[in-house]
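Structural description and commentary
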Amino acid sequence: MATKRRTREQWQALIDEQAESELSVSEFCAQYDLTVSNFYLWRKKLSNDSQSLTKPDNWLAFDIPASGKRAGRSVGD
């Protein structure tokens, strides 16, 4: 039997459909001829992708004085 390759969009649609259905993951996968392990793999992969897009960067913005002097030292030390 040939392996059917699905796109990210197709996997996302399947994952969304399963979430909206009343079927367990096992039942849904059996109905759509999917392996449970691939379903969980893609669900995790797509969840991580969406979290990385919505997760704010952990950068802290601050202003640096333009004086050219460092605290406790003068220029040229």
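Before going into details, it helps to say that this report is about the structure given with it. (Residues numbered from 1 in each chain as written. Predicted model: local features only at pLDDT ≥ 70, side-chain atom pairs only at ≥ 80, totals over all residues. Heavy atoms only, no water.)

**A look at a nonpolar patch on the surface**
Taken together, the side chains of Leu 60, Phe 62 and Ile 64 present a nonpolar region at the surface, about 420 Å² in accessible area. Considering the arrangement of structural elements, one finds Ile 64 in the segment after helix H3 (36-54). With relative accessibility at 68%, the residue Ile 64 sits in the exposed group. (Patch = residues over 30% accessible without salt bridge, like charges linked within 9 Å, V, L, I, M, F, W, Y side chains within 5 Å. Areas by Shrake-Rupley, 256 points an atom, 1.4 Å probe, with all protein chains shown as cover. Salt bridge = Lys/Arg side-chain N within 4 Å of Asp/Glu carboxyl O. Helix = DSSP H or I, 4+ residues; strand = E, 2+ residues; numbered from the N terminus. Buried < 20%, exposed > 50% of the residue type's maximum accessible area, 1.4 Å probe, protein only.)

**Focus on the packing of helix H1 (residues 8-20) against helix H2 (residues 25-32)**
Relative orientation of the contacting elements H1 and H2 amounts to 130 degrees, with a least axis distance of 10 Å. By the angle class used here, H1 and H2 are oblique. The way H1 lies across H2 gives a crossing that is right-handed. Touching Leu 14, Glu 17 and Gln 18 of H1 are Val 25, Phe 28 and Tyr 32, all from H2. Looking at the contact of H1 with H2, its residues break down into four nonpolar, one polar and one charged. (Axes fitted to C-alpha atoms, helices over the stretch in contact; angles between N-to-C directions. Parallel < 35°, antiparallel > 145°, perpendicular 65-115°, else oblique. Left-handed = near helix turned anticlockwise from the far one by under 90°. Contact = heavy atoms within 4.5 Å. Nonpolar A, V, L, I, M, F, W, Y, C, P; charged D, E, K, R; others polar.)

**Considering the nonpolar core**
Core analysis: the biggest nonpolar cluster contains ten residues, these being Trp 11, Leu 14, Ile 15, Val 25, Phe 28, Cys 29, Leu 34, Phe 39, Trp 42 and Leu 46. In contact with Phe 28, other than residues within four places in its own chain, are Leu 14, Glu 17, Gln 18, Ser 21, Leu 23, Leu 34 and Phe 39. (Core = buried A, V, L, I, M, F, W, Y, C linked by side-chain atoms within 4.5 Å.)

**Overview of the packing of aromatic side chains**
Inspection of every chain in the model, using the stated rule, returns four aromatic pairs. Linked through ring pairs, Phe 28, Tyr 32, Phe 39 and Tyr 40 together constitute an aromatic cluster. Sitting over the ring of Trp 11, Arg 6 keeps its end group 5.6 Å from the ring centre. (Phe/Tyr/Trp six-rings, centres within 6.5 Å; stacked < 30°, edge-to-face > 60°. Lys NZ or Arg CZ within 6 Å of the ring centre and 35° of its normal.)

**Things to note about H2**
Residues of H2 that are buried: Val 25, Phe 28 and Cys 29. For H2, the arc enclosing every buried residue in end-on projection is 95 degrees, short of the 170-degree limit, so these residues lie on one face. Across from the buried face of H2, at angles greater than 90 degrees, the exposed residues are Ala 30 and Gln 31. (Arc of directions from axis to C-beta.)

**So, the side chain of Gln 18**
By the secondary structure assignment, Gln 18 is in helix H1. Residue Gln 18 is classed as buried on the basis of its relative accessible area of 10%. With residues up to four places along the chain from it excluded, the contact list for Gln 18 reads Leu 23, Ser 24, Val 25, Phe 28, Phe 39 and Arg 43.

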